Amino acid sequence: YNVWVTSMAIDPNDVLYIGCTREHGGPGGVYRTKDNGDSWDHIITGMSDYHLTVEGLSLSPDGYLYAYSRWVLYRSTQPVFSSNSIIQQETIELKIYPNPFSDILHIELPNEQPLHGSLSVRVIDPLGRVVYSNSLCNLKGFTVNLSTLSAGFYYISIEGNRQKYSKPIIKVLR
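Calculation rules
- Residues numbered from 1 in each chain as written.
- Predicted model: local features only at pLDDT ≥ 70, side-chain atom pairs only at ≥ 80, totals over all residues.
- Heavy atoms only, no water.
- Helix = DSSP H or I, 4+ residues; strand = E, 2+ residues; numbered from the N terminus.
- Phe/Tyr/Trp six-rings, centres within 6.5 Å; stacked < 30°, edge-to-face > 60°.
- Buried < 20%, exposed > 50% of the residue type's maximum accessible area, 1.4 Å probe, protein only.
- Lys NZ or Arg CZ within 6 Å of the ring centre and 35° of its normal.
- Salt bridge = Lys/Arg side-chain N within 4 Å of Asp/Glu carboxyl O.
- Pairing = 2+ DSSP bridges.
- Axes fitted to C-alpha atoms, helices over the stretch in contact; angles between N-to-C directions.
- Core = buried A, V, L, I, M, F, W, Y, C linked by side-chain atoms within 4.5 Å.
- Contact = heavy atoms within 4.5 Å.

Draft legend 1. Representation of unusual backbone geometry. Cis geometry marks the peptide bond from Y97 to P98, where omega comes out at -10 degrees. The residue P98 is located in the loop between β9 (95–97) and β10 (104–108) in this model. Along the chain, N99 connects to P100 via a cis peptide bond; the corresponding omega equals 10 degrees. Take P100: it is sitting in the loop between β9 and β10.

Here it is, written out as structure tokens:
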């Protein structure tokens, strides 16, 4: 869409918002994707139909989207998410080490308790792209080989049995 991204916000339902500048010929404003970047909507409803240079975005706990530029602050007229739409999940207590890591991450469940059923493991880069994905079953612990990733900052997300765990991880060069 020929946009220059200046800021990003992600709501609790994994909807991504980007703030854009008019520099470099782009239209500016706020865009939203609900499908990990495959398609984007230009958000103008409730944001005063503006096409400004967005310097920052923020989501309030009550679900409103805020966009600001040098002298102007906009707030969506309606919340972009509600606390009722957030799926309440129990948290898996996991041990992930080493962090920072170079190639291999070790993941252990507390007290050697096995997790029954399917477990989804995803590693996500700072742009929200899934760079590693795997599905595992009936585990006490496992290792993840991330040797193909470039050095940098990532998030690991592990979900299963209505439980979720996510943590920032850092890959370093050996």
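Draft legend 2. Quick look at the packing of aromatic side chains. Counted according to the given criterion, the structure contains one aromatic pair. With 5.3 Å between their ring centres and 85 degrees between their planes, F153 and Y155 make a pair best called edge-to-face. Judged by relative accessible area, which is 38%, F153 ranks as partly exposed. The side chain of R75 reaches across the aromatic face of Y64, ending 3.9 Å from its centre. Note that K95 overlies the ring of Y97, its terminal NZ or CZ placed 5.8 Å from the centroid.

Draft legend 3. Quick look at the pattern of salt bridges. For the structure shown, the criterion picks out four salt bridges. D41 is paired through a salt bridge with R32; the nearest N and O atoms lie 3.7 Å apart. D103 is the salt-bridge partner of K171, the closest N and O atoms lying 3.6 Å from each other. Residue K171 is located in strand β15 (residues 163–171), and its partner D103 is located in the loop between β9 and β10; the two are separated by 68 residues in the primary sequence. Here K171 matches D103 in class, with each residue buried.

Draft legend 4. Examining the sheet that holds β10 more closely. Pairing in this open sheet of three strands is antiparallel, and the strands run β9-β10-β13 from one edge to the other. Each of the sheet's edge strands pairs with one partner strand only, and the pair in question is β9 and β13 (141–145). For this sheet the average axis-to-axis angle between neighbouring strands, irrespective of direction, equals 15 degrees.

Draft legend 5. Fine view of the nonpolar core. Among the nonpolar cores identified, the biggest contains 19 residues, and L146, I156 and I158 are the most heavily contacted of them. Going through the elements one at a time, β10, β11 (115–124), β13, β14 (152–160) and β15 are the ones with two or more residues in this core. The residues contacting I156, other than those within four sequence positions of it, are I96, L105, I107, V121, R122, V123, Y165, S166, K167 and I169. Core analysis: the next-biggest nonpolar cluster, separate from the first, contains 11 residues, A9, Y17, I43 and L65 among them.

Draft legend 6. Inspection of the pairing of β13 at higher detail. Alternating residues of β13 divide into F142 and V144, all buried, and G141, T143 and N145, none buried. Relative to β13, β10 is paired through five bridges, and the arrangement is antiparallel. Residue pairing for β13: I107 is matched across the bridge by F142.

Draft legend 7. Region of the structure containing the sheet that holds strand β7 (residues 73–75). The sheet built from three strands is open, its strands ordered β5-β6-β7 with antiparallel pairing. Each of the sheet's edge strands pairs with one partner strand only, and the pair in question is β5 (56–59) and β7. Each neighbouring strand pair of the sheet contributes to a mean axis angle of 20 degrees, computed without reference to strand direction. Sheet topology note: the strand β6 (residues 65–68)/β7 ladder contains three bridges and is antiparallel. Paired with Y66 across the bridge in β7 is R75.

Draft legend 8. Molecular detail of the pairing of strand β2 (residues 16–21). The buried fraction of β2 is high, at six of six residues. Covered by surrounding structure in β2 are L16, I18 and C20 together with Y17, G19 and T21, the residues of both alternating faces. As defined by bridge partners, strand β1 (residues 4–10) adjoins β2 across six bridges and the pair is classed as antiparallel. Following the sheet pairing, V5 is matched in β2 by C20. Hairpin geometry of β1 and β2 is characterised by an intervening segment of five residues between the two adjacent antiparallel strands and by a positive phi of about 65 degrees at D14. Pairing analysis gives five bridges linking β2 to strand β3 (residues 29–33), with the strands arranged antiparallel. Within β3, the residue paired with Y17 across the bridge is R32.

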